[in-house]
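Residue-level structure breakdown
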Amino acid sequence: MNGHVFHPGHHELHGVTVVLETGGPVTYLGRFDSQDDRGVHLLNVAIHDPSKGSRDEYIRRSAKFGIQVERQQVTVPAADVVRITPLGEIET
Amino acid sequence: MPYNPALVAPMREEMVRMGARELTTVAEVDATLGDQRGTMLVFVNSVCGCAAGNARPALRLALEHAVKPQQVVTVFAGQDLEATARARQYFAEYQPSSPSMALLRDGEVVHFVHRHMIEGRSPQLVANELVKAFDKHFAVAV
């Protein structure tokens, strides 16, 4: 992030579309809403699993063409979260 | 459900002040995008904070650059529902998001700025990327 305050008072990623990688086969793409003891809450979520082909290609295409929303809301347990990257930082 | 028109009027006026032409009906969209020639930027406006704080100011900055689209038009997502849906059909391979910007040259989308390329970034940063796209796609060969 470039230091620009997007939503003062919220988590720095609040409102930012992110790629959330887990320790398993599933990767989530969606808008970061908040994080609490239940986990990371994402809105307008697309979900990649191996049946959709290459994860890197899926993410690249999503960065270029946008997210195809499948679920309005997903909560990912904190223990499952490996990395969160803003989708805007993905090279297209 | 659209907001009270009085509340969004300043958001429309900001676009008009920077030289954008509003497309508020399907007919206007089709007349403008149906046989688009030359260079154009379609700005999908929005009531959200990243339109107010990031996207609109960024476009205003970018339009100060020597190389810019010949036309700037705008539709208002969440307000002019049918016009926005129709406009999005002209760049249907890109998932809908707002705010967003489609750069067109002779009817082809040459660059697309999604919301996720705007959110969390300063207007100057977004403007810098827009200017790069203008130079790449809209500059006239000498």
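Keep in mind that this is a model prediction, so the values were computed, not measured. (Residues numbered from 1 in each chain as written. Chains lettered and ligands numbered in written order. Predicted model: local features only at pLDDT ≥ 70, side-chain atom pairs only at ≥ 80, totals over all residues. Heavy atoms only, no water.)

Moving on, we get to the sheet that holds strand β5 (residues 81-86) of chain A. Residues and elements named next belong to chain A. With antiparallel pairing, the 5 strands of this open sheet are ordered in space as β4-β3-β2-β1-β5. Strands with a single pairing partner mark the edges of an open sheet, and in this sheet they are β4 (71-76) and β5. The mean inter-strand angle of the sheet, taken between neighbouring strand axes irrespective of direction, is 40 degrees. The sheet contact formed by strand β1 (residues 17-22) and β5 spans 5 bridges and is antiparallel. Note that in β5 the partner of Val-19 across the bridge is Thr-85. (Pairing = 2+ DSSP bridges. Helix = DSSP H or I, 4+ residues; strand = E, 2+ residues; numbered from the N terminus. Axes fitted to C-alpha atoms, helices over the stretch in contact; angles between N-to-C directions.)

The side chains of a regular strand alternate, first on one face of the sheet and then on the other. Residues and elements named next belong to chain A. Taking burial as the measure, the 10 residues of strand β3 (residues 39-48) include 8 buried ones, the bulk of the element. Hairpin remark: strand β2 (residues 27-36) followed by β3, antiparallel, with 2 residues in the connecting loop. The pairing of β3 with β4 spans 5 bridges and is antiparallel. Paired with His-41 across the bridge in β4 is Thr-75. (Buried < 20%, exposed > 50% of the residue type's maximum accessible area, 1.4 Å probe, protein only.)

This next bit is on the pairing of strand β2 (residues 39-45) of chain B. All names here are of chain B. Within β2, 7 of the 7 residues are buried, which leaves it mostly tucked inside the rest of the structure. Residues Thr-39, Leu-41, Phe-43 and Asn-45 of β2 are buried on one face, and the alternating residues Met-40, Val-42 and Val-44, pointing to the opposite face, are buried as well. Both β2 and strand β4 (residues 100-105) contribute to a ladder of 6 bridges, which runs antiparallel. The residue of β4 that forms the bridge with Val-44 is Ser-100. The pairing of β2 with strand β3 (residues 71-76) spans 6 bridges and is classified as parallel. Note that in β3 the partner of Val-42 across the bridge is Val-73. The β-α-β motif built from β2, the intervening helix α3 (residues 49-62) and the parallel element β3 has right-handed crossover chirality. (Right-handed = clockwise from strand over helix to strand, strands pointing away.)

Keep in mind that low pLDDT regions are not for reading the predicted coordinates in detail. Of the residues in chain B, 99% reach a pLDDT of 70 or more, and the chain-wide mean stands at 95. Both scores are available for the predicted complex, with the pTM at 0.92 and the ipTM at 0.88. (pLDDT = per-residue confidence, 0-100.)

Moving on to the environment of Tyr-28 of chain A. All names here are of chain A. Tracing the backbone through its elements, the reader meets Tyr-28 in strand β2. Sequence separation of Tyr-28 and Ile-90 is 62 residues, and the distance between their C-alpha atoms is 14 Å. Not counting the four nearest positions on each side in its chain, Tyr-28 is found in contact with Val-18, Val-19, Leu-20, Thr-22, Leu-42, Val-45, Ala-46, Ile-47, Val-74 and Val-76. (Contact = heavy atoms within 4.5 Å.)

Attention now moves to the interface of chain B and chain A. Between chain B and chain A, the residue contacts involve 15 residues of the former and 18 residues of the latter. Between chain B and chain A lies a buried interface of about 1400 Å² when both sides are counted; carbon and sulfur atoms form 51% of it. Looking at the side of chain B facing chain A, the largest losses of area belong to Gln-95, His-116 and Gly-120 of chain B, adding up to 39% of the total buried there. Between the two partners, chain B and chain A, sit 6 residue pairs in polar contact (both at pLDDT 80 or more). Contributing elements (two or more residues each) for the side of chain B that touches chain A: α3 and α5 (123-138) of chain B. (Buried area = accessible area lost by both parts, 1.4 Å probe. Polar contact = N/O pair within 3.5 Å; in protein donor to acceptor, adjacent residues only side chain to side chain.)

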